[in-house]
Amino acid sequence: GAGLWIDATGCAHLEGGEEALLGAIAKHLRAAGFAAYAAIADTPAAAWAAARFAIGSGHTAIVPEGAARQWLSGLPVAALRLPPATVATLHRLGLRRIGDLPELPRAPLAARFGPHLPHRLDQIAGRAPESIGPAPPELHYRARLGFAEPVGRVEDIAAALRRLLDALCRALERDRKGARRLELALYRVDGETAEIEVGTAAPARDPIHLARLFAERLETIDAGFGIEAVALAIPQVEPLEARQIAFAPLRGAERGREDLALLVDRLGQRLGMAYLTRQAARGSHVPERSITSAAPLGPLPAPKAPPDGSPPPRPLRLFAKPESIAALAPADTPAEAPPAAFRWKGRLHRVALAEGPERIAAEWWHAATPPPPSAFRDYWRIEDGEGRRFWLFRDAGQGGWFLHGLFA
């Protein structure tokens, strides 16, 4: 019968102990119409063996911790999940129970009975790890096409791909879904498999567009002695409803968004989707933290407006890292006042106009310890005698002046 493995480490106390947990699982399975037998052990191999061979009139069994080998010694050797040929060989030698297997070194044991036996013994005793991996999701969108004779031309592979895309896109349209990731497998006559994976920035089900995403990658495929079959799978889909684009006021906006999605997909296949980003506003008063990278498509979070409703002016170009400048001012100039001139990259700029200050304090909630009261910046919008406009600030904590951006 079928079996189900569950990693219940650290969960037994939620049901009042291992016995209660095992009873609850078996009870629910029987209520669903399954004739279930369940066991708990400290290794998957021991639990499998106990559930199938160690349960008598009851429906559950619990293998004591650290005693799997001794507790299961009376079970048949088939409980080790050995190949039938190995089990038959052991029976001919009179070794029918797990406890009958001698404690021999692993190398002679493997040489006599094959590599499966010592490995299974180590797994049931916990000396060899055995991970429990989740079952992969079922691929609902998959199509396969075989060739009468092996093919090697890119044109033939592209034609087969187009037939598969037409079939799967019709299924996506029926289910109101769009593809986000597609996997193409090409099976060669020598037993090797070539694979191509493409992704989309937004759900898509246009076979022409999806075929273009594969076009450049098909040129790099090594067909070897020929390809005898191709298979296309769409493991990741998202909802994609039909959209109305017939009305003239909507046609331009809808068409523009669709064209942008097509462009992003084609650039993503050439450059890598991870390299395509756009800037988005983030809720922070600190300038270098107020911008973040976002996906090229999709909704953006609306930035929070200041209390007065009018955002303060920001430079057209914001430096990723503020650049230190040499500020010049008379000796009696207050620290809160703007400089009379400043030197940046070896050039002296005399201040003609200054507007400010705009004080921005440190974000104390991001710091491990509260910042001092002097941890703030005073920003000034500066224009020099030649009409160039700069965004300067005085760092009260570090005690210096910095250039953070340039206005148009």
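Residues numbered from 1 in each chain as written. Predicted model: local features only at pLDDT ≥ 70, side-chain atom pairs only at ≥ 80, totals over all residues. Heavy atoms only, no water.

Caption draft 1: Expanded view of the environment of Arg-181. Considering the arrangement of structural elements, one finds Arg-181 in strand S4 (residues 177–188). Setting aside anything within four residues of it in sequence, one finds Arg-181 in contact with Glu-197, Val-198, Gly-199, Ala-233, Ile-234, Pro-235 and Gln-236. Within the local environment of Arg-181, its side chain forms a polar contact with the side chain of Glu-183, the two groups lying 2.5 Å apart. (Helix = DSSP H or I, 4+ residues; strand = E, 2+ residues; numbered from the N terminus. Contact = heavy atoms within 4.5 Å. Polar contact = N/O pair within 3.5 Å; in protein donor to acceptor, adjacent residues only side chain to side chain.)

Caption draft 2: Structural detail: the sheet that holds strand S14 (residues 400–406). Read around the closed barrel, six strands run S9-S10-S11-S12-S13-S14, paired in antiparallel fashion. With strand direction ignored, the average angle separating the axes of adjacent strands in the sheet is 45 degrees. The pairing of strand S10 (residues 341–344) with strand S11 (residues 347–361) spans four bridges and is antiparallel. Across the sheet, residue Trp-344 finds its bridge partner in S11, namely Arg-347. (Pairing = 2+ DSSP bridges. Axes fitted to C-alpha atoms, helices over the stretch in contact; angles between N-to-C directions.)

Caption draft 3: Representation of the nonpolar core. Formed by 31 residues in total, the largest nonpolar core has its most connected members in Leu-182, Leu-184, Leu-186, Phe-214 and Leu-232. Secondary structure elements with two or more residues in this core: strand S3 (142–151), helix H7 (154–175), S4, strand S5 (193–204), helix H8 (207–218) and strand S6 (227–239). Top element by residues in this core is H7. It accounts for nine residues. Leave out the neighbours within four places in its chain, and Leu-184 touches Leu-161, Ala-194, Glu-195, Ile-196, Phe-214, Leu-218, Val-230, Ala-231 and Leu-232. (Core = buried A, V, L, I, M, F, W, Y, C linked by side-chain atoms within 4.5 Å. Buried < 20%, exposed > 50% of the residue type's maximum accessible area, 1.4 Å probe, protein only.)

Caption draft 4: Spotlight on unusual backbone geometry. With an omega of 0 degrees, the peptide bond running from Gly-356 to Pro-357 counts as cis. With respect to the helices, strands and loops of the structure, Pro-357 is situated in strand S11. Phi is positive for Arg-176, close to 60 degrees, though the residue is something other than glycine. A positive phi angle is found at Lys-345, which is not glycine, with a value near 55 degrees. Structurally, Lys-345 is set in the loop between S10 and S11.

Caption draft 5: Here's a closer look at the packing of helix H5 (residues 106–113) against helix H6 (residues 116–125). Across the interface, H5 lies against H6 with an axial gap of 7 Å and an inter-helix angle of 130 degrees. Taken as axis vectors, H5 and H6 run oblique relative to one another. Packed against H5, whose contacting residues are Arg-106, Leu-109, Ala-110 and Phe-113, the element H6 presents Leu-117, Pro-118, Leu-121 and Asp-122 at the interface. (Parallel < 35°, antiparallel > 145°, perpendicular 65-115°, else oblique.)

Caption draft 6: Highlighting the pairing of strand S12 (residues 376–384). Most of S12 sits out of view: eight of its nine residues are buried. Here S11 pairs with S12 via eight bridges, running antiparallel. Residue Val-351 lies in a different strand from S12, and its bridge partner there is Asp-384. Pairing analysis gives seven bridges linking S12 to strand S13 (residues 389–395), with the strands arranged antiparallel. When the sheet's bridge partners are listed, Ile-382 is paired in S13 with Phe-390. If you look at the hairpin formed by S12 and S13, you'll find four residues sitting between the two strands, and Gly-387 has a positive phi there, around 90 degrees.

Caption draft 7: Broad picture of the pairing of S13. Of all seven residues in S13, six are buried; the element is thus mostly enclosed. Pairing between S13 and S14: six bridges, direction antiparallel. Among the inter-strand pairings, Leu-392 is bridged to a residue of S14, identified as Leu-403. Following S13, the chain reverses through four residues before pairing antiparallel with S14; Gly-399 in that reversal takes a positive phi of roughly 75 degrees.

Caption draft 8: Fine view of helix H2 (residues 44–53). In terms of burial, H2 is a largely internal element, eight of the 10 residues being buried. Residues Pro-44, Ala-45, Ala-46, Ala-47, Trp-48, Ala-49, Ala-50 and Ala-51 constitute the buried set of H2.

Caption draft 9: Inspection of the packing of H7 against H8 at higher detail. For the pair H7 and H8, interaxial distance at closest approach is 10 Å and the crossing angle is 150 degrees. The orientation of H7 with respect to H8, classified from their angle, is roughly antiparallel. Along this stretch, H7 crosses H8, giving a crossing that reads as right-handed. Taking contact as the criterion, the partners of Val-154, Ile-157, Ala-158, Leu-161, Arg-162, Leu-165, Asp-166 and Cys-169 in H7 are, on H8, Pro-207, Ile-208, Leu-210, Ala-211, Phe-214 and Leu-218. Class assignment of the residues belonging to the contact of H7 with H8 gives a composition of 12 nonpolar, no polar and two charged. (Left-handed = near helix turned anticlockwise from the far one by under 90°. Nonpolar A, V, L, I, M, F, W, Y, C, P; charged D, E, K, R; others polar.)

Caption draft 10: Fine view of the environment of Arg-142. Along the polypeptide, Arg-142 turns up in strand S3. Along the primary structure Arg-142 and Pro-235 are separated by 93 residues, whereas in three dimensions their C-alpha atoms are 8.4 Å apart. Dropping the residues within four chain positions of it, Arg-142 is found in contact with Leu-168, Tyr-187, Ala-231, Leu-232 and Ala-233.

Caption draft 11: Up close: the packing of aromatic side chains. Across all of its chains, the model carries seven aromatic pairs by this definition. Measuring from centroid to centroid gives 5.3 Å for Phe-393 and Phe-402, while their planes differ by 20 degrees, and the two rings are stacked. Phe-402 shares its class with Phe-393; the two are buried. Site record: aromatic cluster; members linked through ring pairs are Phe-319, Phe-342, Trp-344 and Phe-390. In this arrangement the basic side chain of Arg-359 is found over the ring face of Phe-376, its NZ or CZ atom lying 3.9 Å from the centre. Its end group placed over the ring of Phe-407, Arg-389 keeps NZ or CZ at 4.8 Å from the ring centre. (Phe/Tyr/Trp six-rings, centres within 6.5 Å; stacked < 30°, edge-to-face > 60°. Lys NZ or Arg CZ within 6 Å of the ring centre and 35° of its normal.)

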